[in-house]
Amino acid sequence: MRFTGKREHVVDFIFTLALFCVFAASSVLVTVIGAGVYKSVTSHMQINNTSRTSLAYIAEKIRQNDMASSVSAQEIEGHTALVLSEYYDGTEYATYIYEDEGQLKELFQKASSTPALAAGQPIMEVSDFEAMQLKDRLYRFTVEDTDGGRFSVDVCQKSVSKNDSADAKGGTDEK
């Protein structure tokens, strides 16, 4: 009885080796592409988060100081600033939020003092900040991030001054 042994050919070995190399190269290629996509997505998420966080911060500051005639947009030293006015023990104070030297900054001081923008506390990095009053109590704030992306939020004050409420009713307070 003669047993026939399995004969291995060089072609079988080369085919198996080539198949393994294709699999290994595909795995490396998918890993490299995935790492690039992950890096891009996390970078965009961080930029988006920074811009949106700064706008959420501004909107929350307005909500905290939502009193009649306490919010305004002013030009200070060539920069647009959000100005929030408030009274403590009969003295008027102002909070200025503005962009200076690539930073969104906040400055709190007496309203009678001239603001020095370099004295503000940095909040976060931004390239530009704009505050504009669209209507009587409606404001638009725009932030430009460090990559040039622009984001905006519109905020409306809820508090109404005595004159505004009379105008809204169609009358005046005069008798």
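Provided above is the structure to which this section pertains.
Residues numbered from 1 in each chain as written. Predicted model: local features only at pLDDT ≥ 70, side-chain atom pairs only at ≥ 80, totals over all residues. Heavy atoms only, no water.

### Some remarks on a nonpolar patch on the surface
On the surface, Val10, Phe13, Ile14, Leu17 and Phe20 cluster together into a nonpolar patch covering about 550 Å² of accessible area. Relative to the helices and strands, phenylalanine 20 is located in helix 1 (residues 10-64). Using a relative accessible area of 53% as the deciding quantity, one classes phenylalanine 20 as exposed. (Patch = residues over 30% accessible without salt bridge, like charges linked within 9 Å, V, L, I, M, F, W, Y side chains within 5 Å. Areas by Shrake-Rupley, 256 points an atom, 1.4 Å probe, with all protein chains shown as cover. Salt bridge = Lys/Arg side-chain N within 4 Å of Asp/Glu carboxyl O. Helix = DSSP H or I, 4+ residues; strand = E, 2+ residues; numbered from the N terminus. Buried < 20%, exposed > 50% of the residue type's maximum accessible area, 1.4 Å probe, protein only.)

### Overview of the nonpolar core
Among the nonpolar cores identified, the biggest contains 18 residues, and Ile58, Ile62, Leu82, Leu104, Phe129 and Phe141 are the most heavily contacted of them. Of all elements in the fold, only helix 1, strand 2 (79-88), strand 6 (128-133), strand 7 (138-144) and strand 8 (150-156) reach the threshold of two or more residues within this core. Look past the residues within four positions of phenylalanine 129 in its chain and what remains in contact with it is Ile58, Thr80, Leu82, Ile97, Tyr98, Glu99, Leu104, Phe141, Thr142 and Val143. Counting eight residues, the second largest nonpolar core, distinct from the first, contains Ala81, Val83, Ala94 and Leu117. (Core = buried A, V, L, I, M, F, W, Y, C linked by side-chain atoms within 4.5 Å. Contact = heavy atoms within 4.5 Å.)

### Quick look at the side chain of serine 85
With respect to the helices, strands and loops of the structure, serine 85 is situated in strand 2. Here serine 85 is in contact with Met67, Ser70, Glu92, Tyr93 and Ala94, once residues within four sequence places are set aside.

### Considering the pattern of salt bridges
When the charged atoms of two side chains lie near each other, side chains of opposite charge can form a pair. Counted according to the given criterion, the structure contains six salt bridges. Arginine 150 is the partner of aspartate 128 in a salt bridge, and the nearest nitrogen-oxygen pair spans 3.8 Å. Taken as a pair, aspartate 128 in strand 6 and arginine 150 in strand 8 lie far apart in primary sequence, 22 residues in all. Judged by relative accessible area, which is 41%, arginine 150 ranks as partly exposed.

### A word on the side chain of glutamate 106
By secondary structure assignment, the location of glutamate 106 is in strand 4 (residues 103-110). The exposure class of glutamate 106 is buried, given its relative accessible area of 17%. When residues no more than four places from it in sequence are discounted, the contact partners of glutamate 106 are Tyr57, Lys61, Thr95, Tyr96, Ile97, Gly120, Gln121 and Ile123.

### Regarding unusual backbone geometry
A positive phi angle, close to 50 degrees, is found at glutamate 77, a residue other than glycine. By secondary structure assignment, the location of glutamate 77 is in the loop between strand 1 (71-76) and strand 2. A relative accessible area of 54% means that glutamate 77 is categorised as exposed. Of note in this structure, aspartate 89 is not a glycine but carries a positive phi near 50 degrees. Structurally, aspartate 89 can be placed in the loop between strand 2 and strand 3 (91-100). Using a relative accessible area of 83% as the deciding quantity, one classes aspartate 89 as exposed.

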